[in-house]
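# Tertiary structure, described
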Amino acid sequence: MSEQVMNEESSVQEQFAIEVVYGTPTRQEIISCTVEPNTTIEQAILASGIIDEFPEIDLTVNNVGIWNRAAKLTDLVKDLDRIEVYRPLLADPKEVRKRRAEKAKEEGRANKITGGRVDPRQGKTGEA
């Protein structure tokens, strides 16, 4: 009987704690769970049950990371890892920057040729 207790204790020690996190603009969830060694990120996400809480999560679309570093679904988790499931971007950051720069040029806050700040020493005609 004591051998069985020792085997259970050693298997508990082999497991380790992780967190799986996901958030929307209105709701965030952190789920703590324990996993076996050699568990992949994908297996840990599925085991956490976070997909039941957020059915919009699609692991073929959503990127994942561990402690704010990009990771693959096939990477193995380690003790105390924080697995983050990222939402897809709503807007391309480069396109947003381009639109903001165009607006600044139209409003006269940026030089129409260089895109840089307007030199306040220059007149409205652009002469020095």
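Keep in mind it's a predicted model, so treat the numbers as computed, not measured.

## Quick word on the overall build of the protein chain
A tally of regular secondary structure across the protein chain gives four helices and five strands. When the helices and strands of the protein chain are placed in sequence order, the string is α-β-β-α-α-β-β-β-α. When each of the 128 residues of the protein chain is scored for burial, the buried share is 26%. Within the protein chain, contacts between residues at least 6 apart in sequence are counted, and of these 46% link residues at least 24 apart.

## Considerations on the side chain of Ser48
The topology assignment puts Ser48 in helix α2 (residues 41-48). At 2.7 Å, the side chain of Ser48 and the backbone oxygen of Ile45 are in polar contact. Within the structure, Ser48 has its side chain in polar contact with the backbone nitrogen of Ile50 (distance 3.2 Å). With sequence-adjacent residues up to four places away left out, Ser48 is seen in contact with Val20, Ile31 and Cys33.

## Topic: the packing of aromatic side chains
This structure, assessed with the given rule, holds one aromatic pair. For the pair Tyr22 and Phe54, a centre-to-centre distance of 4.9 Å together with 65 degrees between the ring planes defines the contact as edge-to-face. Note that Tyr22 is positioned in strand β1 (residues 16-23) and Phe54 in the loop between α3 (50-53) and β3 (64-66), a separation of 32 residues in sequence. The residues Tyr22 and Phe54 share a single accessibility class, namely buried. Above the plane of the ring of Phe54 lies Arg27, whose end atom (NZ or CZ) is 4.4 Å from the centre.

## Section: unusual backbone geometry
At Trp67, a position not held by glycine, the phi torsion is positive, near 50 degrees. Tracing the chain through its elements places Trp67 in the loop between β3 and β4 (69-71). In this structure, Asn68 is a non-glycine residue whose phi angle is positive, near 65 degrees. With respect to the helices and strands, Asn68 occurs in the loop between β3 and β4. Relative accessible area serves as the criterion here: at 63%, Asn68 is assigned to the exposed category.

## Re the nonpolar core
Nonpolar side chains tend toward joint burial in soluble globular proteins. If you look at the biggest cluster of nonpolar residues, it comprises 20 residues, and the most contacted ones within it are Ile18, Ile41, Ile45, Ile50, Val77 and Ile83. Only β1, β2 (28-35), α2, β3 and β5 (82-85) provide two or more residues apiece to this core. Here this core takes four residues from β1, the largest share from any one element. Apart from residues no more than four positions distant in its own chain, Ile83 is found in contact with Ile18, Glu19, Val20, Val21, Ile41, Ala44, Ile45, Gly65, Ile66 and Val77.

## Considerations on the sheet that holds β5
The strand order across the open sheet formed by five strands is β2-β1-β5-β3-β4, and the pairing between neighbours is mixed. Strands with a single pairing partner mark the edges of an open sheet, and in this sheet they are β2 and β4. Neighbour-to-neighbour, the strand axes of the sheet open up by a mean angle of 30 degrees, direction not taken into account. When β1 meets β5, the two strands line up parallel, connected through three bridges. In the sheet register, Val20 faces β5, and the bridge partner there is Ile83.

The rules behind each value
Residues numbered from 1 in each chain as written. Predicted model: local features only at pLDDT ≥ 70, side-chain atom pairs only at ≥ 80, totals over all residues. Heavy atoms only, no water. Helix = DSSP H or I, 4+ residues; strand = E, 2+ residues; numbered from the N terminus. Buried < 20%, exposed > 50% of the residue type's maximum accessible area, 1.4 Å probe, protein only. Contact = heavy atoms within 4.5 Å. Polar contact = N/O pair within 3.5 Å; in protein donor to acceptor, adjacent residues only side chain to side chain. Phe/Tyr/Trp six-rings, centres within 6.5 Å; stacked < 30°, edge-to-face > 60°. Lys NZ or Arg CZ within 6 Å of the ring centre and 35° of its normal. Core = buried A, V, L, I, M, F, W, Y, C linked by side-chain atoms within 4.5 Å. Pairing = 2+ DSSP bridges. Axes fitted to C-alpha atoms, helices over the stretch in contact; angles between N-to-C directions.

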